Amino acid sequence: MKMKKSFNGFDFLQNNLVPLMFIIICVICYPLADLSPGHLLNEIVNRMGRNIFLILSLLIPIMAGMGLNFGMTLGAMAGQIALIFVTDWQIWGIPGVVLAMLLSIPLSVLLGLMCGKLMNMAKGREMILGYMMNYFVGGLYQLVVLFLMGSVIPIIHASVRLPRGFGIRTTVNLTSMRQCLDNLIAPRPYGVKIPVLNFIIIAVLCLFIIWFRRTKLGQDMRAVGQDMEVARAAGINVDRTRIISIIISTVFAGFGQIIYLQNLGNFATYTAHTQTGMFCIAALLVGGASVEKASIGNVFLGVILFHTMFIVAPRAGIAITGDAMIGEYFRVFVSYGVITLALVMYEIKKRRAKSQGGALLAQAQKEGGVQA
Amino acid sequence: MKKKALLIRLAAVALCVALGAVMMVVGRGHTIYLDNKTIEDYQGQEYKSFERVNITVPGEDEVIKLAKRERDMATCMGQSFHMTVEVIEKKGDEPRVEEIDLKLPYNMDGIIVNLPALLAGLPEEAWMTEFIPAPEPEDSSEEEPNIGDEFGMGEDLGMEGDAVA
């Protein structure tokens, strides 16, 4: 028999504080920004098409109990290296995007494997480890891109190389593949461009995630995510399962970064990946996800709310203070703030659950003692 | 069971490699420079530029129109290039329409096609040359990307002890 849960306003508020906060911010900022609904919708749909894939790549490590994968930036770096090669080889359009994705796979697998192995050595501290890994691998990325490309790794075109003969220019031009996915099937009902192919790719990834949850490996990941010791006792190879989840996430992050950058049409070679993890994680948390639980619905809601705020905040900043930079500061402040808030709330919830568990145990022992 | 898994993995890798190879061929981009210029001396013969040439390339929005001694360009993905050429050889002549298919060499990014030589049926070396862009003036501002000092400490890391002294 199903137990009917009574509605608790405090619990609802506590569980949905971040999305509610963002809805309020967007509702206040939208009239101040003075944007037409068509323009706003166009921007949101465009950003959904280019960002959702990246954010979906965060779901599998959360399922495996590894928290928010700050190490997804490693996949973004792999995607960027693949794009540099494809640009240099002059492979254009959708074949260029597909080739970049294929080239990014071995790099992402290698980086994901390294990240997963290190995370297994620091269980319970995966997020901070992933964050620091970004800096470490970021240094390696700079070494490869700034010194090895053009000197050891052949780079043919002068338009990609730095004038000194080795290293990659600060901006890589992706004009030959700019919005090739977005524009392939792009109906414009009421002036709103819908990148259908991007949404088809996103739908395929969503279906993959739903299917994957039901597979043996997916079930193992959920078991590991709930309790590692119990999972180990049940015969699951915990370390291997965790490594696979990080590898899958890194590979998808590489694909996501390629989809993201083909939409923009160029990328800053040395800095494009630095904020990827931060903004994706912030968007996921804005959608109501937590460190231990996230769904596809959280991804979609998060992208809509986070990017609505991104679009309206600078213009609202101009309307309120006359300075667009206020809006820029505001959205960066909110991005970092929302991650902090989510982490604090996660810790509070964990402690509360622990103390409630302790109280229940004490009560049970007391009752047992009275009966005896 | 292990052998089957290994075979599946090898097949997946082979599929990825094959797909990559196909993408490298079908996605190879070329820029075609179409010249309507006189070839003055090819084996002792002159091939004069046409009065007017109109070129239609599938996928390009506009028709390329070339007067005497003019050049324009089209882009092409893959190793074959198709165009419809409408030629008026001399003033007052009736236009002649020709469908042309070219096989493009993989290793050339920019390819110059001389139309008078091509339409005269000369061999490939007479009408096809590689376009080599002039070297760009060096931009010293891009010599060293500004990276590596995210904490803004400059050269003073406060580790030498001079500040304390």
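As a reminder, the structure under discussion sits directly above these lines.
Residues numbered from 1 in each chain as written. Chains lettered and ligands numbered in written order. Predicted model: local features only at pLDDT ≥ 70, side-chain atom pairs only at ≥ 80, totals over all residues. Heavy atoms only, no water.

Asker: Sorry, what's going on with the nonpolar core here?
Answerer: Of all hydrophobic cores here, the largest spans 107 residues; its most connected members are Phe22, Leu56, Leu68, Ile84, Ile168, Leu284 and Met309 of chain A. The element that contributes the greatest number of residues to this core is helix α12 (residues 238-264) of chain A, accounting for 12 residues. Here Met309 of chain A is in contact with Phe22, Ile25, Cys26, Pro314, Phe330, Arg331 and Val334 of chain A, once residues within four sequence places are set aside. If you look at the next biggest cluster of nonpolar residues, it comprises 31 residues, including Ile55, Cys76, Phe81 and Met108 of chain B. (Core = buried A, V, L, I, M, F, W, Y, C linked by side-chain atoms within 4.5 Å. Buried < 20%, exposed > 50% of the residue type's maximum accessible area, 1.4 Å probe, protein only. Helix = DSSP H or I, 4+ residues; strand = E, 2+ residues; numbered from the N terminus. Contact = heavy atoms within 4.5 Å.)

Asker: When you look at the interface of chain A and chain B in this model, what are you seeing that I'm missing?
Answerer: Of the residues lining the interface, 20 residues belong to chain A; the matching set on chain B comes to 25 residues. Contact between chain A and chain B buries roughly 2000 Å² in total, counting both sides, with carbon and sulfur atoms accounting for 66%. Between the two partners, chain A and chain B, sit zero salt bridges. Inspection of the chain A/chain B interface yields three residue pairs in polar contact (both at pLDDT 80 or more). When residues of the side of chain A that touches chain B are traced back to their parent elements, those giving at least two are α6 (93-121) and α7 (126-148) of chain A. Ranked by residues supplied to the side of chain A that touches chain B, first place goes to α6 of chain A with five residues. Tallied by class, residues from the side of chain A that touches chain B come to 12 nonpolar, six polar and two charged. (Buried area = accessible area lost by both parts, 1.4 Å probe. Salt bridge = Lys/Arg side-chain N within 4 Å of Asp/Glu carboxyl O. Polar contact = N/O pair within 3.5 Å; in protein donor to acceptor, adjacent residues only side chain to side chain. Nonpolar A, V, L, I, M, F, W, Y, C, P; charged D, E, K, R; others polar.)

Asker: Mind showing me how you'd approach the sheet that holds strand β9 (residues 110-114) of chain B here?
Answerer: Strands pair in a sheet through their backbones, by hydrogen bonds, and they do so in one of two ways: parallel or antiparallel. Residues and elements named next belong to chain B. Strand order in the open sheet formed by four strands is β6-β1-β9-β10, and the pairing between neighbours is mixed. Lying at the two open borders of the sheet, with one neighbouring strand each, are β6 (70-77) and β10 (128-130). Strand-to-strand twist in this sheet, taken as the mean axis angle between neighbours without regard to direction, amounts to 25°. Bridge count between strand β1 (residues 29-36) and β9: five bridges; the pairing is parallel. Bridge pairing in β9 places Ile32 opposite Ile111. (Pairing = 2+ DSSP bridges. Axes fitted to C-alpha atoms, helices over the stretch in contact; angles between N-to-C directions.)

Asker: Help me out: how do you make sense of the environment of Phe7 of chain A in this one?
Answerer: Relative to the assigned elements, Phe7 of chain A resides in the segment before α1 (9-15). Residue Phe7 of chain A is classed as exposed on the basis of its relative accessible area, which comes to 67%.

Asker: Would you explain the side chain of Thr241 of chain A in this entry?
Answerer: Here Thr241 of chain A lies in helix α12. When sequence neighbours within four positions are dropped, the list of residues in contact with Thr241 of chain A reads Leu217, Asp220, Met221, Val224 and Ile236 of chain A.

Asker: Looking at this structure, I do not really get the packing of α6 of chain A against α12 of chain A. What am I missing?
Answerer: For any two helices packed against each other, the geometry comes down to the angle between their axes and how far apart the axes lie. All names here are of chain A. At a minimum axis distance of 7 Å, the contact between α6 and α12 shows a crossing angle of 145°. For the pair α6 and α12, the sense of crossing is right-handed. For the contact of α6 with α12, a count of residues per class yields 15 nonpolar, eight polar and three charged. (Left-handed = near helix turned anticlockwise from the far one by under 90°.)

These results come straight from atomic positions and should not be treated as a statement about function.
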